[in-house]
Amino acid sequence: TFEETRYLKHLIEGKIPVCVKLSDDQRIQGVIEYFDHRFIRVTRTGAPNLFIFKHDIKYLYEVG
């Protein structure tokens with residue numbers, strides 16, 4: 001249905017901060033800069049940027 005793609009584009013264009021909860025219960029906060037069918041790139045302030053495989057993500061939500 002392309003809803004995931006539409007939502008991720010919305011987050012990128014709006015530079016909306018998100019929190020990503022991983023399958024091992026770690027939480028990562030930042031802004032999504034890029035995505036494809038396998039991973040997302042999260043840019044963080046004061047910490048390294050990360051590429052996160054989608055299969056490792058439980059869920060993500062907007063913060064602030």
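The structure under discussion appears in the preceding block.
We now turn to the structure provided with this report.

Criteria and cut-off values
Residues numbered from 1 in each chain as written. Predicted model: local features only at pLDDT ≥ 70, side-chain atom pairs only at ≥ 80, totals over all residues. Heavy atoms only, no water. Pairing = 2+ DSSP bridges. Helix = DSSP H or I, 4+ residues; strand = E, 2+ residues; numbered from the N terminus. Axes fitted to C-alpha atoms, helices over the stretch in contact; angles between N-to-C directions. Salt bridge = Lys/Arg side-chain N within 4 Å of Asp/Glu carboxyl O. Buried < 20%, exposed > 50% of the residue type's maximum accessible area, 1.4 Å probe, protein only.

## Things to note about the sheet that holds strand β2 (residues 27-35)
And then number 1: With antiparallel pairing, five strands are arranged side by side in an open sheet as β4-β3-β2-β1-β5. The sheet terminates laterally at β4 (50-53) and β5 (57-62), the two strands that pair on one side only. With strand direction ignored, the average angle separating the axes of adjacent strands in the sheet is 45°.
And then number 2: Pairing between strand β1 (residues 17-22) and β2: five bridges, direction antiparallel. Looking at the pairing, Val20 lines up with Ile28 of β2.

## Thoughts on the pattern of salt bridges
And then number 1: With the rule as written, the count across this model stands at five salt bridges.
And then number 2: When the shortest N-O distance is used, the salt bridge between Glu3 and Arg6 registers 3.1 Å. Of this pair, Glu3 and Arg6 are both found in helix α1 (residues 3-14), three residues apart, which corresponds to roughly one turn of the helix.
And then number 3: On the basis of relative accessible area, Glu3 is assigned to the partly exposed category, the value being 45%.
And then number 4: Lys21 is the salt-bridge partner of Asp25, the closest N and O atoms lying 3.5 Å from each other.
And then number 5: Through salt bridges that share partners, Lys21, Asp25 and Lys58 make up one connected network.

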